[in-house]
Amino acid sequence: MNTVILLVCTGLGLGALYFLVASGLSLIFGLMDVLNFAHGALLSVGAYGTWWAGTQVGMGFWWAVGFGTAVGTVAAVLLELLLIRPLYQRPRDQILATVGVGLAIPALLMGVWGADARPFPQPAALAGTVRMLGAIVPVNRFVLIGAAGLVLLGLRLFLGRTRYGLVVRAGVEDRAMVTALGIDVRRAFTLVFALGGAVAALGGALSGLYFGSVHPGQGTSLLIFAFVVVVMGGMGSVTGAAVASVAVGLVQQFANYYTAAGLGDLSVVVLLAVLLLVRPHRGLTGRLA
Amino acid sequence: MPRTGESFAESSTGRRRALRWWPIALLILLLVAPYSALPIPGVLDGPLGSPGSLQLIALCLVYGALASGYDLLLGRTGLLSFGHALYFATGLYVTDLAMLELRLPFAAAALCGVAGSALLALLLGSVSLRVTGIGFSMVTLAFAQAGSILVQRNPAGLTGGEEGRAAPADRLPSALVGIENTPNLYWIALAYLVLTITVIHWAARSPVGRVWTGIRENERRVEVLGLRPYGFKLLAFVLASGLAGAGGVVYLLLTGGATPQAASSDTTLSLLVMVVLGGSGSRWGPLLGGVLYTWASHRLGDLANSTAVADLPAVLRVPLSQPLFLLGSLFVAVVYLLPGGLAGLPARLRGRVRRVARSLTDAAADARTRT
């Protein structure tokens, strides 16, 4: 029983991480039809920003997380303005440009700080464990789950209650129609990119907490599971991404524990294949937010 | 007196007829390259026929062929697969393992490798093609990632994990082992390239190839014509993957072993970069892109380790010492500045020259009417 509780908490923590990467990815894809291969790089930027502010500058942990998130947001806005927007009429080239950025940024990080994993600053309050129903669970799992919950709530409020959220939701449904109504969808693009970048960078900062270290390829390896989550959740749907993240995180943890290590990663892909065979066009929800 | 359109067209068809033979001429040059001791400073380290140079050229040819095969999906059928490395790695690993574990002779093992790639592609392709567009890209990526993880986890000690496994020298024909036999490996790589190009061009000109083009342009319209795109797409997927598997076999011979890097998503992304760099959907573009990319990534490694770079200030040294940074940036630049890739460059230049010429004649005519 204790093991099950620990696995659930860890799986939810991992799922929270996936959600932080996948929600921005899903929104960007839903609105712009851009599969952002640089999203993992934004995560790495956030992770290294936090690490740098926390260990090299000596900021407090939460300030460092704020700094890393800000750096990731700025990077995302620059990416959208400088590379995505000029290719507005060429959706496939937009994807290819993000592939290039996704190769270049981790390489740059590697050049500056080396290929080895860097130990991540853990504040004392988050380094410990708590007893929960007899199981000993690391505190940082709850931080991740809490952060993902807040992000989900925030995104839903933003999408559901604000004018910009309305534009974004309408844009995901039918971009041409929104443009025809005289609304500047491009401003919504930049906004969604900034939001996605911020959430990915936050995910990067918290992934350092989860894994205890950061390395340049971390973003890219998380990105691939985020892709799985986005497909499973129904592309463009934030709630779908949340449900799929939890499913993927739990399946991975349980399969890794109860079968051979590594089979968890494979079982996620099998899950995806089964879902595609059963519901090829809609994913889990097939609806937006 | 301006040249009449007729004589201009005549001289240009004559030139075109002569130009049609350049692939044959190039092929003959490539065939005799091992006999040549021509030094090409800056491009190759040693003379042309030296084992080191032949090895590098052979790698360039293999990647040129792999990129051309990948473009069967991307440029000709419009399928953006992010999992092509999986089929390349399947050919590589299955061939190696069939020799190591089943003690099969090389030829039989190579057949297993190619067949394994095609079968896996049939299985996974039939699942991933159930989603279209970007969903397909993500699903292929997920499958390829699963393959990559599987290879790295070293199940039952088969794949050798991070280390990979060396090809057994005693199972290979003796003409394919050892540095003095590099020319033979080079010729095999060349043969693989010729095979790939022939198959692709033949397939693209066949009726099936026309359906592929139709799917690329507008899948809905193909459906309206009463054809099911699914089967045609699956055929392209299996064919491209089988060719990639054969590439894995040649790669195994060239590098003497199977390593997990072959299965990584970086390999697929490199193929994508090659195709876009050279010009997706064009006849020779992917080949050119593959050759240039492979050559550049080897030379960039040398550049990164050179003293000229080491002496630079850190702001320049750090980015320059990362080949992937340079290639990634180059890729963005090509996508942004050179749509159509290198293969599209002549047409773009011609278009620009024509525009300038037209504006000049317009200006001249304008000036004449005024006087």
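Residues numbered from 1 in each chain as written. Chains lettered and ligands numbered in written order. Predicted model: local features only at pLDDT ≥ 70, side-chain atom pairs only at ≥ 80, totals over all residues. Heavy atoms only, no water.

*Asks:* Explain the pattern of salt bridges to me, please; I cannot follow it from the model alone.
*Replies:* Here the idea is simple: oppositely charged side chains can pair when their charged atoms come close. All names here are of chain B. Following the criterion strictly, the structure yields seven salt bridges over all chains and no others. Between Lys233 and Glu219 there is a salt bridge, with the nearest N and O atoms lying 2.8 Å from each other. With Lys233 in helix H10 (residues 229–255) and Glu219 in helix H9 (residues 219–224), this residue pair connects regions lying 14 residues apart in the sequence. We classify Lys233 as buried; its relative accessible area is 4%. (Salt bridge = Lys/Arg side-chain N within 4 Å of Asp/Glu carboxyl O. Helix = DSSP H or I, 4+ residues; strand = E, 2+ residues; numbered from the N terminus. Buried < 20%, exposed > 50% of the residue type's maximum accessible area, 1.4 Å probe, protein only.)

*Asks:* Whenever I open this one, the interface of chain A and chain B confuses me. Can you help?
*Replies:* Interfaces are often described in size by the accessible area the parts lose on coming together. Contact with chain A, which involves 41 residues of that partner, is made by 37 residues of chain B. Where chain A abuts chain B, roughly 3500 Å² becomes buried across the two surfaces, and 81% of that area is made up of carbon and sulfur atoms. Our enumeration of links across chain A and chain B arrives at zero salt bridges. Linking chain A with chain B are one residue pair in polar contact (both at pLDDT 80 or more). Of all the secondary structure elements, the ones that give two or more residues to the side of chain A that touches chain B are helix H3 (61–84), helix H4 (91–113), helix H10 (218–233) and helix H12 (263–278) of chain A. When the residues that make up the side of chain A that touches chain B are grouped by side-chain class, the tally is 33 nonpolar, four polar and four charged. (Contact = heavy atoms within 4.5 Å. Buried area = accessible area lost by both parts, 1.4 Å probe. Polar contact = N/O pair within 3.5 Å; in protein donor to acceptor, adjacent residues only side chain to side chain. Nonpolar A, V, L, I, M, F, W, Y, C, P; charged D, E, K, R; others polar.)

*Asks:* Explanation requested: empty space enclosed by the protein in the structure shown.
*Replies:* Residue and element names in this part refer to chain B. In the structure shown here, the tally under the stated rule is three cavities of 30 Å³ or more. Roughly 50 Å³ of volume is contained in the largest cavity. Forming the boundary of the largest cavity are Ser68, Asp71, Arg76, Ile197, Ile200, His201, Ser282, Arg283 and Pro286. For the lining of the largest cavity, the secondary-structure elements that each account for two or more residues are helix H3 (51–74) and helix H7 (182–205). Of all the elements, H7 adds the most residues to the lining of the largest cavity, at three residues. (1 Å grid on protein atoms, 1.4 Å probe; cavity = no way out; pocket = protein on both sides within 12 Å on 5 of 7 lines; lining within 4 Å. Points joined across faces, edges and corners; volume = space filled by probe spheres on them.)

*Asks:* I'm lost on the side chain of Gln94 of chain A in this one. Help?
*Replies:* All names here are of chain A. Summarising the element assignment, Gln94 is placed in helix H4. With relative accessibility at 4%, the residue Gln94 sits in the buried group. Among the polar contacts made by the side chain of Gln94, one reaches the main-chain carbonyl oxygen of Ile84 at a distance of 3.1 Å.

*Asks:* Would you mind showing me how to read the nonpolar core here?
*Replies:* Buried together is how nonpolar side chains tend to be arranged in soluble globular proteins. Judged by nonpolar contacts, the single largest core of 188 residues is most densely connected at Leu31, Leu35, Phe37 and Val168 of chain A together with Phe82 and Leu272 of chain B. Per element, the largest residue contribution to this core is 16 residues, and it comes from H3 of chain B. Filtering out sequence-adjacent residues up to four positions away, Leu272 of chain B remains in contact with Leu96 and Val99 of chain A together with Tyr70, Leu74, Leu80, Phe82 and Phe331 of chain B. (Core = buried A, V, L, I, M, F, W, Y, C linked by side-chain atoms within 4.5 Å.)

*Asks:* Teacher, can you tell me more about a nonpolar patch on the surface here?
*Replies:* Residue and element names in this part refer to chain B. Together, Leu19, Trp21, Trp22, Ile24, Leu26, Ile28, Leu29, Leu31, Val32 and Tyr35 make up an exposed nonpolar region whose accessible area comes to about 1100 Å². The leading source of residues in the nonpolar patch is helix H2 (residues 22–32), at seven residues. Within the secondary structure, Leu19 is located in helix H1 (residues 5–19). (Patch = residues over 30% accessible without salt bridge, like charges linked within 9 Å, V, L, I, M, F, W, Y side chains within 5 Å. Areas by Shrake-Rupley, 256 points an atom, 1.4 Å probe, with all protein chains shown as cover.)

*Asks:* I keep staring at the confidence of the model for chain B and nothing clicks. Help me out?
*Replies:* Where the model shows low pLDDT, its predicted coordinates should not be examined in detail. All names here are of chain B. In this model, chain B carries a mean pLDDT of 85, and residues with pLDDT of at least 70 account for 95%. Looking across chain B, the model is least confident in H1, with a mean pLDDT of 60, and most confident in H10, with 95. Of the two predicted TM-score estimates for the complex, the pTM is 0.83 and the ipTM is 0.79. (pLDDT = per-residue confidence, 0-100.)

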